[in-house]
Amino acid sequence: MAEAGLFLAYAAIGTMAVAPIYFGSFSSLDRLKSAASKSRTSEKGHFAEFSDSEDEDEESEAVTAEDAYMFPVYGSAALFSMYVIFKYLNKDWVNFLLSGYFALLGVAALTQLGVRVVKGVTGVKLPLYHLNLVHHSKSVFDLRFTNLHLGMMGASMLCTAFYLYSKNWAVSNLFGLAFSFSAIILIRLDSFKSGMIMLAGLFVYDIFWVFGTEVMVSVAKNFDAPIKVVFPKDLFPAEGKLAFTMLGLGDIVVPGIFVALCLRFDRQRYLSSIGYAKDKALPRVLNNKHRGFGFPTPYFNACMAAYVAGLATTITVMHTFKAAQPALLYLSPACILAVVVTAVARGEVSAVFSYSEETKKDEDESAESTKEKAKAEDKAPVVHRYNLRNQGPAAGAGLTTPASAGELADDEQENVKLPRVLDEKVNPISEISDDGSEEAAAAAPATPVKGKKGKKSGSKAKAKK
């Protein structure tokens, strides 16, 4: 009976590990943008109107190769700090403070998970509310929510209060799943290179802290917060006290964001094959779907299967030797090899290692560059027709600058204030000249006009008239 309960615990742990990776990977896919959606957004204004808008996509944190190199360093510092804190300070007070901190995070994570589950099941489309804080024409805070968010936040707060009161292991698992799901959506690797560096570094990190020291196991046992998923080895123990088997959230999230990268790579390859572009209409094969359409997933399937196999190997070794195992010892090589072998088999090694996702920093730099270009165009000097007429032939050489009351009217329609063009001293000959240039008429010598009393100058002829 005890053996059966243990295998049930292993199955439950495996299910709780796979579920957030699978659903989190698909939730990390952004809504496709197109020329039509951009025009609709510009017509509606800056704010999205409904909860299925492309503006609803959450901001994510990109992990670059430089960040990946530092993962083991930061992780080691945090882990050892927690070990020292638990060793020399009151464990109950430390867990009290940590519980409060994770309670706040838990409300946000559970709310987001609940909203996604309800929307995924019902397909409900809700109006969006915006709370936006702007400073010097720049948005410094933007909160978007629906009535569903408010309802789920209330339920999450009740769930959090129950957890703080009872420390129930099932509710703790619910928080752990919500944290894992949210992390896989929000943390994105920018390339396979970054992902492999991260997995390789944490491979060494896990081996050292589990096999080389007691730090990892000690912190996991003393840390009374939802940073792991647990399941009783026996649901009805004879002694009355539950004993648990556990898996840390890091063993879910770290491989999970790599699996999610594989899925986004699969979609990008498919979109490239059908000719998708952000500034064009959606290809017909998508049936006007911005998300939720099917596409081949060879890399995702291979990496997901490798994760399951690596997790099964971890559990088997742990059960055989009756000792804690560093899961990343098996999960990291499994995920890396799955991608490399699939790429070699499909002849896409160069495509895999050259793939890179646009990070938030890249998007900001692109937007800033566009703004600077627009400002430069606005500041460009405008040469007006009136100015050309007054600058002489050299300034306006090669340009036709008609000067008439009709031209002045056009300028006034453009809301440009101009000095009076037509005055009493304008030579009428220049007004009706064939080339339409006042300067040419002014620069030409006076044309003699024959009158009754002999040769007269142009100005005198005008007086006689």
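Residues numbered from 1 in each chain as written. Predicted model: local features only at pLDDT ≥ 70, side-chain atom pairs only at ≥ 80, totals over all residues. Heavy atoms only, no water.

Participant: Can you help me understand the overall build of the protein chain in this one?
Facilitator: What the protein chain contains, in helices and strands, is 19 helices and eight strands. Of all 465 residues assigned to the protein chain, the portion counted as buried reaches 38%. With the model as given, the accessible surface of the protein chain reaches about 27,500 Å², and the carbon-plus-sulfur share is 61%. (Helix = DSSP H or I, 4+ residues; strand = E, 2+ residues; numbered from the N terminus. Buried < 20%, exposed > 50% of the residue type's maximum accessible area, 1.4 Å probe, protein only. Areas by Shrake-Rupley, 256 points an atom, 1.4 Å probe, with all protein chains shown as cover.)

Participant: Looking at this structure, I do not really get the pairing of strand E6 (residues 244-248). What am I missing?
Facilitator: Successive residues of a regular strand alternate their side chains across the two faces of the sheet. Burial along E6 is one-sided: Thr245 and Leu247 are buried, while Phe244, Met246 and Gly248, pointing the other way, are not. The pairing of strand E5 (residues 228-232) with E6 spans five bridges and is antiparallel. Bridge pairing in E6 places lysine 228 opposite glycine 248. (Pairing = 2+ DSSP bridges.)

Participant: Whenever I open this one, the nonpolar core confuses me. Can you help?
Facilitator: Nonpolar side chains in soluble globular proteins generally cluster together in the buried interior. Core analysis: the biggest nonpolar cluster contains 87 residues, and Phe192, Phe258 and Val339 have the highest contact counts within it. Among the elements that make up this core, the one with the highest residue count is helix H9 (residues 250-273) (13 residues). Discounting chain neighbours no more than four positions away, the residues touching phenylalanine 258 are Leu189, Phe192, Gly195, Met196, Leu199, Cys303, Cys335, Ile336 and Val339. (Core = buried A, V, L, I, M, F, W, Y, C linked by side-chain atoms within 4.5 Å. Contact = heavy atoms within 4.5 Å.)

Participant: Just checking my understanding: could you explain helix H5 (residues 147-166) for this structure?
Facilitator: Along an α-helix, a turn takes 3.6 residues, which lines up residues three or four apart on a common side. When the terminal C-alpha atoms of H5 are compared, their 29 Å separation across 20 residues agrees well with the 28 Å that a helix rising 1.5 Å per residue should span. If you check which residues of H5 are buried, you get Leu148, His149, Ser156, Cys159, Thr160 and Tyr163. The arc enclosing the buried residues of H5, seen along the axis, measures out at 105 degrees, which places them on a common side. Summarising the geometry of H5, the exposed residues directed more than 90 degrees from the buried face are Leu158 and Tyr165. Tucked into the core, H5 has its buried residues touching helix H4 (91-122), strand E3 (138-145) and helix H6 (169-186). (Expected span 1.5 Å × (residues − 1). Arc of directions from axis to C-beta.)

Participant: Just checking my understanding: could you explain the packing of aromatic side chains for this structure?
Facilitator: Two measures describe an aromatic ring pair: the distance that separates the ring centres and the angle between the ring planes. Within the structure shown, the criterion is met by 26 aromatic pairs. Look at phenylalanine 80 and tryptophan 209: their rings are 6.3 Å apart centre to centre, the planes differ by 35 degrees, and that puts the pair in the tilted class. With phenylalanine 80 in helix H3 (residues 65-88) and tryptophan 209 in helix H7 (residues 192-212), this residue pair connects regions lying 129 residues apart in the sequence. Between tryptophan 169 and phenylalanine 244, the aromatic rings sit 6.0 Å apart at their centres with planes inclined by 55 degrees, giving tilted as the arrangement. With tryptophan 169 in helix H6 and phenylalanine 244 in strand E6, this residue pair connects regions lying 75 residues apart in the sequence. (Phe/Tyr/Trp six-rings, centres within 6.5 Å; stacked < 30°, edge-to-face > 60°.)

Participant: Would you take a moment to explain the confidence of the model for the protein chain for this structure?
Facilitator: Do not read the predicted coordinates in detail wherever pLDDT is low. Counting all residues, the mean pLDDT for the protein chain is 78, and 71% of those residues have values of 70 or more. Scored below 50 in pLDDT, residues 41-45 shows three contacts in the model against residues more than four places distant or in partner chains. Note on residues 384-465: pLDDT is under 50 here. Beyond four places in sequence and across chains, it has 54 contacts. (pLDDT = per-residue confidence, 0-100.)

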